[in-house]
Amino acid sequence: MTTSEVFSPQPRPHRGRWLVYIAWLPLVLGLLVVGGLVAYVVRNAGIERAEIARLRAAGEPVDDATMAEWYFARTSQEATAIWREVLTTVEQSLSGPVGATFPIVGRGELPDDLEPGGDWPDEPQVAALLDELRPLLDRIEQANRHPVPVWQPIAFRSFSTLLNDLQTVRSIARWLQLEFEHACYHRDTARALRALETLQATILAFDWNLCLVDDLVTIAVRGVHRRSIRDSLARMDWELAQLERLHEQLVDPRDPAGRWQQVIAGERAMGLALFSADSQLQHEFSGSPVPMTMFRLMGARRNYLETMAAVQQLGSGGVLGLHERAKAFEEPRFGSNRVWISDVLTQLLLPSVTAFAKAYERDELDRRMTLTAVAIKRYEVVEGRWPAALNQLGIVGLEPADWTALEAGPFGYRIEAGGPVLWAYDVLEGSKEIPAEPPGEDQTDSNLIRLGHVTRIR
């Protein structure tokens, strides 16, 4: 080894190189983050496109335009003009100061414990109003000869879509309820039956099955229809042929599984339409200055699509157990502490699934109870005596499921001095057990009787 080799200086690292590395580090990390976000957004966009393509292929709506097409394809235009006339006439007749003073259709009240032929001071004025509206019964019967449901103009605009005609349908239901009460007061069974059948025709005509609001309105109107039938069983002397016509109005279970999936499909389309709506509508709905584009970039639309697909499948098992399935789905989502933007927006757009499921169960319980009550009266007319037990209703065509209060077992039933009493559980409470004793008018709030948990038959 030479002296020059031993004493030659070693090259020293450049200290400034680390400063360069440090200076470049944020840029590199930023590029990695941006690349990850781009990959995330691209992946989400691909999943969204695939799901929306699947929905389109299945014939389900995905925005305002396809919602209008979907609605048009599932309704009939044959009786649109007739129903437009009915809607306009009823709205004008009942929205004025005169109609507002009458019971049911306005702020007036029926006399307490109104019995046929009893004291009713306002009866002449009520009769005059009903005479004025009665020609509309002919128009509705004429419209009922055409296919249902019936198309009416709707401008779809996401969750701001106006369904004004449904409010008029409520007015028609109230008018027909008053017509029914007036017929019962005069013991006119033919007229009372006509009012009930006209109400049934109205329900079918506007049973669009578009979204939650639409479905909840028709559920409420069906409740008016069935409650009127149950009330009549203690006041009217129905003939067998008339009871059989009442039975026909109640026998259809309405296909709750199919209805649920259709409603959620429409609700989802309204939610998807919000992502492409104008900024004013987006801000009105969300109340947030954050544009929907930002929500979408963070995966909100993908999360919404996945969540609504799960909601739609809740109904596939039918109405039995629907409320429990909805609770099991909803509680972990609304009870969590997650703060992701996609979760926040999904929870904002998501309807109250548990409450909607309870409405479906209440609707089916109400149908079964009314069907059973009518069958008890039919049995008495046919056999000349009351059935000793509900399982004897097979004689008049009922199946065991018909007199079963969903998962709670058979309805409560016994024969008292004044006639049979039929009862269920209180749907407003958590318990789904049939009480051992029927709640009597002197033991409970009259609201319980009004809601149909107890039906007395004469």
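Residues numbered from 1 in each chain as written. Predicted model: local features only at pLDDT ≥ 70, side-chain atom pairs only at ≥ 80, totals over all residues. Heavy atoms only, no water.

Side note on helix 8 (residues 189–205)
Helical geometry note: an α-helix holds 3.6 residues per turn, so side chains three or four residues apart project in the same direction.
For step 1, the next point in the chain: If you check helix 8, its first and last C-alpha atoms are 24 Å apart, about what 17 residues at 1.5 Å a residue would give, namely 24 Å.
For step 2, the next point in the chain: Counting buried residues in helix 8 gives 13 out of 17 residues, a clear majority hidden from the surface. (Helix = DSSP H or I, 4+ residues; strand = E, 2+ residues; numbered from the N terminus. Expected span 1.5 Å × (residues − 1). Buried < 20%, exposed > 50% of the residue type's maximum accessible area, 1.4 Å probe, protein only.)

Some details on helix 14 (residues 300–314)
For step 1, the next point in the chain: Helix length check: helix 14, at 15 residues, gives a terminal C-alpha distance of 21 Å against a target of 21 Å (1.5 Å per residue), a fit within 8%.
For step 2, the next point in the chain: In terms of burial, helix 14 is largely enclosed, as 11 of its 15 residues are buried.
For step 3, the next point in the chain: Among the residues of helix 14, those classed as buried are Ala300, Arg301, Arg302, Asn303, Tyr304, Leu305, Thr307, Met308, Val311, Gln312 and Leu314.

A few points about the nonpolar core
For step 1, the next point in the chain: With 48 residues, the main nonpolar core has Trp83, Ile172, Trp175, Phe206, Trp208 and Leu210 as its most contacted residues.
For step 2, the next point in the chain: Contributions of two or more residues to this core are made by helix 3 (64–73), helix 4 (80–94), helix 5 (123–133), helix 6 (135–143), helix 7 (164–185), helix 8, helix 9 (212–232) and helix 11 (256–275).
For step 3, the next point in the chain: With 8 residues, the single largest contributor to this core is helix 7.
For step 4, the next point in the chain: Setting aside anything within four residues of it in sequence, one finds phenylalanine 206 in contact with Trp83, Leu87, Gln152, Leu166, Val169, Asp214 and Thr218.
For step 5, the next point in the chain: With 36 residues, the next largest nonpolar core counts Met236, Leu365, Tyr425 and Ile457 among its residues. (Core = buried A, V, L, I, M, F, W, Y, C linked by side-chain atoms within 4.5 Å. Contact = heavy atoms within 4.5 Å.)

A look at the side chain of glutamate 48
For step 1, the next point in the chain: Structurally, glutamate 48 can be placed in helix 2 (residues 16–57).
For step 2, the next point in the chain: Taking the relative accessible area as the measure of exposure, glutamate 48 reaches 2% and is therefore buried.
For step 3, the next point in the chain: At a separation of 3.3 Å, a polar atom in the side chain of glutamate 48 contacts the main-chain amide nitrogen of arginine 302. (Polar contact = N/O pair within 3.5 Å; in protein donor to acceptor, adjacent residues only side chain to side chain.)

Points about the packing of helix 6 against helix 7
For step 1, the next point in the chain: Running from N to C, helix 6 and helix 7 point in directions that differ by 120°, and their axes come no closer than 12 Å. Handedness of the crossing formed by helix 6 with helix 7: left-handed. From helix 6, Leu136, Leu137 and Ile140 reach across to helix 7, where they touch Trp175, Leu176 and Glu179.
For step 2, the next point in the chain: Class assignment for the residues of the contact of helix 6 with helix 7 results in 5 nonpolar, no polar and 1 charged. (Axes fitted to C-alpha atoms, helices over the stretch in contact; angles between N-to-C directions. Left-handed = near helix turned anticlockwise from the far one by under 90°. Nonpolar A, V, L, I, M, F, W, Y, C, P; charged D, E, K, R; others polar.)

Let's talk about the sheet that holds strand 1 (residues 412–416)
For step 1, the next point in the chain: An order of 1-2-3 is seen for the 3 strands of this open sheet, with the pairing classed as antiparallel. In this open sheet, the two edge strands, each paired with only one partner strand, are strand 1 and strand 3 (454–456). For this sheet, the mean angle separating the axes of adjacent strands, direction not counted, is 15°.
For step 2, the next point in the chain: Note: strand 1 against strand 2 (residues 419–423), 5 bridges, orientation antiparallel. In the strand pairing of strand 2, glycine 412 is matched with tryptophan 423.
For step 3, the next point in the chain: Helix 17 (residues 353–383) contacts strand 1, strand 2 and strand 3 of the sheet and is inclined by roughly 165° relative to strand 2. (Pairing = 2+ DSSP bridges.)

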